[in-house]
Amino acid sequence: MNIKLKIWRQKNQTSPGRFEEYSLIGVEEHMSFLEVLDLLNEQLFAEGKEPVAFDSDCREGICGQCGVVINGQAHGPIRSTTCQLHMRHLAEDPSFKDGSTITIEPWRSTGFPVLRDLIVDRSALDRIIQAGGYISVNTGAAPEAHAAPVQKEKADAAFEAAACIGCGACVAACPNASAMLFTGAKIAHLGLLPQGQPERLARVVSMLGQHDAEGFGGCTNIGECAAVCPKSVPLEVITRLNRDLGHALWKGQRAHA
């Protein structure tokens, strides 16, 4: 197939950005979307032009580094990471024809400043985890695996929340650019387990405070975040966050300095 790519180009965080269009011929439907970007960069190299900067690492849908907005959708038309999106998925759209234009842009959020082209700085998510995503443990030998029984329902819910890979698609899809699904997942998977109880109330206050300090918006229960999450983290993690926050405020809990 022959396609056109309309890609956001931006030199750095302080430079103004713009869309630029490129044409590619001979794109095969089995190619992954990142392979198409690789093909484009090979073409740009050959022409002596600056290649398009984009993030990727594992290319197996595990690390979450590859996220971009494709035709207005975080990660594209299927519920997966960008590296697991293939051209055949785009070709399945009835409106897609030979020579169609695909628009590609970075995550859009105050909390995700653009570093270059399609690469954004997602270290804000790291700082949210650093604010409270840890547990108190005694040093020394590891405890016996069955020393702290966990109900299966809670173990399953904790595992479901822990599947979050921090890709940031929830932020990109949310009209408010909220990172509440990410924050809720990190709070829930610790708060559901016995090991996470000592810091449970302080954790939710500290992590939510950092979330707001990073410039992410508030949650208004639209649900776009869960709809695009490649790991199917449920919207219920935000409900758990709100319950823990209400309990913490009722107890007079304050964020650590």
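My aim in this report is to walk through the structure given alongside it, one point at a time. Because the structure is a prediction, the values reported are computed rather than measured.

Calculation rules
- Every chain's residues receive numbers from 1 upward, in the order its sequence appears when written.
- Since the coordinates come from a predicted model, pLDDT governs what is reported: local features require at least 70, and pairs of side-chain atoms require 80 or more to be given and counted, while whole-chain, interface and lining totals use all residues.
- Computation of side-chain values: all heavy atoms of the structure, hydrogens and water removed.
- Comment: elements are numbered from the N terminus, with helices defined as DSSP H or I runs of at least four residues and strands as E runs of at least two.
- The rule is simple: take the accessible area with a 1.4 Å probe, protein chains only, and divide by the maximum for that residue type; under 20% is buried, over 50% is exposed, in between is partly exposed.
- The contact criterion used is simple: two residues touch if any of their non-hydrogen atoms lie within 4.5 Å.
- Residue burial considers only the protein chains on display, and all accessible areas are found by Shrake-Rupley using a 1.4 Å probe.
- In this tally, Asp and Glu contribute negative charge and Lys and Arg positive charge; neither His nor the terminal groups of the chain are included.
- The atom standing in for a charge is NZ when the residue is Lys, CZ when it is Arg, CG when it is Asp and CD when it is Glu.
- Salt bridge criterion: a side-chain nitrogen from Lys or Arg within 4 Å of a carboxyl oxygen from Asp or Glu.
- Relevant arc is that of directions from the helix axis to the C-beta atoms, nothing else.
- In this analysis, strands are considered paired if DSSP registers two or more bridges between them.
- Here, the term nonpolar core denotes a set of buried Ala, Val, Leu, Ile, Met, Phe, Trp, Tyr and Cys residues that are joined through side-chain atoms within 4.5 Å.
- Take the residue count of a helix, subtract one, and multiply by 1.5 Å to get its expected span.
- Comment: axis = line fitted to C-alpha atoms, over the contacting stretch for helices; angle = value between 0 and 180 degrees taken between N-to-C directions.
- Under the pairing criterion, centres of Phe, Tyr and Trp rings, with the six-membered ring standing for Trp, must be within 6.5 Å; the plane angle then separates stacked pairs below 30 degrees from edge-to-face pairs above 60, leaving the rest tilted.
- Whether a charge sits over a ring depends on NZ of Lys or CZ of Arg being within 6 Å of the ring centre and within 35 degrees of the ring normal.

## Let's talk about the overall build of the protein
Point 1. In terms of regular secondary structure, the protein is built from nine helices and seven strands.
Point 2. With the principal axes as the frame, the protein shows a C-alpha extent of 60 × 40 × 40 Å.
Point 3. For the protein, the proportion of its 257 residues judged to be buried stands at 44%.
Point 4. A sequence separation of at least 24 residues applies to 68% of the contacts in the protein between residues at least 6 apart.
Point 5. Carbon and sulfur atoms make up 51% of the accessible area of the protein, which totals about 13,200 Å².
Point 6. If you average the places of the 24 positive and of the 29 negative side-chain charges in the protein, the two averages end up 6 Å apart.

## Thoughts on the pattern of salt bridges
Point 1. All chains considered together, the criterion is met by eleven salt bridges.
Point 2. Note that Asp117 and Arg9 form a salt bridge whose closest N and O atoms lie 3.1 Å from each other. Of the two residues, Asp117 sits in the loop between β6 (114-116) and β7 (119-120) while Arg9 sits in strand β1 (residues 3-9), which places them 108 residues apart along the sequence.
Point 3. For Asp117, a relative accessible area of 3% corresponds to the buried category.
Point 4. Close ionic contact of Asp38 with Arg59 constitutes a salt bridge, the shortest N to O distance being 2.8 Å.

## As for the environment of Lys251
Point 1. Within the element layout of this structure, Lys251 appears in the segment after α9 (236-250).
Point 2. Sequence-wise, Lys251 and Leu201 are 50 residues apart; in three dimensions their C-alpha atoms are separated by 8.6 Å.

## Observations concerning helix α3 (residues 123-130)
Point 1. Here α3 has its buried residues at Ala124, Leu125 and Ile128. End-on, the buried residues of α3 take up no more than an arc of 100 degrees, which puts them together on one face.
Point 2. On its buried face, α3 sits against α6 (180-191) and α7 (200-213).

## Quick word on the pairing of β1
Residues in a regular strand project their side chains so that they alternate between the two faces of the sheet.
Point 1. Burial of β1 is extensive: five of the seven residues sit out of reach of the surface.
Point 2. Here four bridges tie β1 to strand β5 (residues 101-105), and the two strands are oriented parallel to one another. Bridge assignment links Leu5 to a residue of β5, and that residue is Ile102.

## Brief notes about the nonpolar core
Point 1. Judged by nonpolar contacts, the single largest core of 39 residues is most densely connected at Leu181 and Phe216.
Point 2. Secondary structure elements with two or more residues in this core: α3, α5 (169-173), α6, α7, α8 (224-228) and α9.
Point 3. For this core, the element with the most residues is α6, which contributes six residues.
Point 4. Apart from the residues lying within four places of it in its own chain, the contact partners of Phe216 are Ser109, Gly111, Phe112, Ala124, Leu125, Ile128, Val171, Ala177, Ser178, Ala179 and His211.
Point 5. One finds Phe33, Leu40, Phe54 and Leu118 within the second-largest nonpolar core, a separate group that totals 27 residues.

## Observations concerning α9
Point 1. When the terminal C-alpha atoms of α9 are compared, their 21 Å separation across 15 residues agrees well with the 21 Å that a helix rising 1.5 Å per residue should span.
Point 2. Turning to α9, its buried residues number three or more, namely Val237, Ile238, Leu241, Asp244, Leu245 and Ala248. Taken down its axis, α9 places every buried residue within 125 degrees of arc, on the same side. Among the exposed residues of α9, those oriented more than 90 degrees off its buried face are Arg243 and Trp250.
Point 3. Elements that come into contact with the buried residues of α9 comprise α4 (152-162), α6, α7 and α8.
Point 4. Positive phi appears at Gly252, one or two residues downstream of α9, with a value of about 75 degrees.

## Here we look at the sheet that holds strand β4 (residues 73-74)
Point 1. Strand order in the open sheet formed by five strands is β2-β1-β5-β3-β4, and the pairing between neighbours is mixed. What marks the edges here is a single partner per strand, and that holds for β2 (18-24) and β4.
Point 2. Two strands pair when backbone bridges link them, and β1 and β2 are joined in this way by seven bridges, in the antiparallel orientation. Along β2, the bridge assignment pairs Lys4 with Ser23.
Point 3. The sheet contacts of helix α1 (residues 33-46) involve β1, β2, β3 (69-70) and β5, and relative to β2 the element is tilted by about 90 degrees.

## Comments concerning the packing of aromatic side chains
Point 1. On inspection of all chains with the given rule, the structure shows two aromatic pairs.
Point 2. The interplanar angle of 80 degrees and the centroid separation of 5.1 Å between the aromatic rings of Trp8 and Phe19 together place this pair among those described as edge-to-face. On the criterion of sequence distance, the pair formed by Trp8 in strand β1 and Phe19 in strand β2 is long-range, its members being eleven residues apart.
Point 3. For Trp8, a relative accessible area of 14% corresponds to the buried category.
Point 4. Here the basic side chain of Lys6 rests over the ring of Phe19, its NZ or CZ set 5.3 Å away from the ring centre.
Point 5. A cation over an aromatic ring shows up here: Arg108 above the ring of Trp8, its NZ or CZ 4.4 Å from the ring centre.

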